[in-house]
Amino acid sequence: MRIFLSFSERRILNAKREVYIILCVLVVCVMAAWGIIGSVLPIYMVSAPFFASPLETGIVTATPALTSLLLRIPFGILSDRKGRRPILILSLISPIISSTLFYFSKSVQMLMIAGVIHGISTATYVPASLSTISCLYDENERQRILGLYTLSSSIGVILGPVLLDISFSFAEVKDAFI
């Protein structure tokens, strides 16, 4: 590896790092939201005003994961065809919509719709961010970079329930969706 880099090489390297750091921070946020929703949704559904049955609770709780599973490949193809930026923007808007719907839901059906929208957030973010990172780095760096990205994702999944537990000390269950 060369010790001295030209100005343009340093700019490219810095731009890559900035994009990578942004994507890692965003995956922590997306996956923390995933962990929060997955942890609080069953508790929320069995309380007032829903008093959902175990079957309804299971179906609605599984809806985000099923949606994400079914839509990741189509959104990955769409991000390759239409560009990653619009897909990444959609992935950042959809959790806002789903959280708002979860918070203001008055029926199990509304919770299911919110779950579908929440599943869209990971179905859009994961393929678009992974392909962006894969395009930024060559084969030598890609393994390490994707490993760190996966670590960021895992940190988000762990961080979500921890933040939820902290918020329960001063807020209601419903407030976790804010």
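Residues numbered from 1 in each chain as written. Predicted model: local features only at pLDDT ≥ 70, side-chain atom pairs only at ≥ 80, totals over all residues. Heavy atoms only, no water.

Caption draft 1: View of the overall build of the protein chain. Per the secondary structure count, the protein chain includes 5 helices and 0 strands. For the protein chain, the succession of helices and strands along the chain, N to C, is α-α-α-α-α. Taken along its principal axes, the extent of the C-alpha atoms in the protein chain is 65 × 35 × 20 Å. Relative to its 178 residues, the protein chain shows a buried fraction of 38%. Pairs at least 24 apart in sequence give 76% of the contacts found in the protein chain among residues at least 6 apart. Accessible surface, the protein chain: about 10400 Å² in total, of which carbon and sulfur atoms supply 70%. Once the 14 positive and 10 negative side-chain charges of the protein chain are each reduced to a mean point, those two points are 9 Å apart. (Helix = DSSP H or I, 4+ residues; strand = E, 2+ residues; numbered from the N terminus. Buried < 20%, exposed > 50% of the residue type's maximum accessible area, 1.4 Å probe, protein only. Contact = heavy atoms within 4.5 Å. Areas by Shrake-Rupley, 256 points an atom, 1.4 Å probe, with all protein chains shown as cover. Lys, Arg positive; Asp, Glu negative; His and termini not counted. Charge placed at Lys NZ, Arg CZ, Asp CG, Glu CD.)

Caption draft 2: Spatial organisation of a nonpolar patch on the surface. A cluster of nonpolar side chains, contributed by Leu 148, Leu 151, Ile 155, Ile 158, Leu 159, Val 162, Leu 163, Ile 166 and Phe 170, occupies part of the molecular surface with about 830 Å² of accessible area. Topologically, Phe 170 is positioned in the segment after helix H5 (139-168). (Patch = residues over 30% accessible without salt bridge, like charges linked within 9 Å, V, L, I, M, F, W, Y side chains within 5 Å. Salt bridge = Lys/Arg side-chain N within 4 Å of Asp/Glu carboxyl O.)

Caption draft 3: Quick peek at the packing of aromatic side chains. Tallying each qualifying case throughout the model produces 5 aromatic pairs. Note on Tyr 44 and Phe 50: the rings are 5.1 Å apart at their centroids and 70 degrees apart in plane angle, and the pair reads as edge-to-face. Comparing Tyr 44 with Phe 50 shows no difference in burial state: the two are buried. Relative to Phe 177, the ring of Phe 102 lies with its centre 4.9 Å away and its plane at 20 degrees, an arrangement referred to as stacked. Of this pair, Phe 102 sits in helix H3 (residues 84-104) while Phe 177 sits in the segment after H5, and the two are 75 residues apart along the sequence. By relative accessible area, which is 0% here, Phe 102 ends up buried. Judged by its relative accessible area of 2%, Phe 177 is buried. (Phe/Tyr/Trp six-rings, centres within 6.5 Å; stacked < 30°, edge-to-face > 60°.)

Caption draft 4: Region of interest: the environment of Asn 14. If you trace the backbone, Asn 14 turns up in helix H1 (residues 7-45). Judged by relative accessible area, Asn 14 falls into the partly exposed class, the value being 38%. On a C-alpha basis, the gap between Asn 14 and Ile 59 in space is 45 Å, while along the polypeptide they are 45 residues apart.

Caption draft 5: Just the packing of helix H2 (residues 54-82) against helix H4 (residues 108-136), in detail. Interaxial distance between H2 and H4 falls to 6 Å at its minimum, and their mutual angle equals 35 degrees. Here the hand of the crossing between H2 and H4 comes out right-handed. When the residues that make up the contact of H2 with H4 are grouped by side-chain class, the tally is 14 nonpolar, 11 polar and 3 charged. (Axes fitted to C-alpha atoms, helices over the stretch in contact; angles between N-to-C directions. Left-handed = near helix turned anticlockwise from the far one by under 90°. Nonpolar A, V, L, I, M, F, W, Y, C, P; charged D, E, K, R; others polar.)

Caption draft 6: Representation of H1 within the structure. With 39 residues, H1 should reach 57 Å at 1.5 Å per residue; the first-to-last C-alpha distance of 56 Å fits that figure. Of all the bends in H1, the greatest reaches close to 25 degrees and is centred on Ser 39; the proline Pro 42 follows between one and four positions later. (Expected span 1.5 Å × (residues − 1). Bend = angle between axes of the 7 residues up to and from the residue.)

Caption draft 7: Focus on H3. For H3, with 21 residues, the first-to-last C-alpha span of 31 Å sits near the 30 Å given by 1.5 Å per residue. Burial in H3 covers these residues: Ile 87, Leu 88, Ser 91, Ser 94, Pro 95, Ser 98, Ser 99, Phe 102 and Tyr 103. Looking at the buried positions of H3, the neighbouring elements they touch are H1, H2 and H4.

Caption draft 8: Main features of the pattern of salt bridges. Scanning all chains against the criterion turns up 1 salt bridge. The partner of Asp 80 in a salt bridge is Arg 84, and the shortest N-O contact between them spans 4.0 Å. On the basis of relative accessible area, Arg 84 is assigned to the partly exposed category, the value being 26%.

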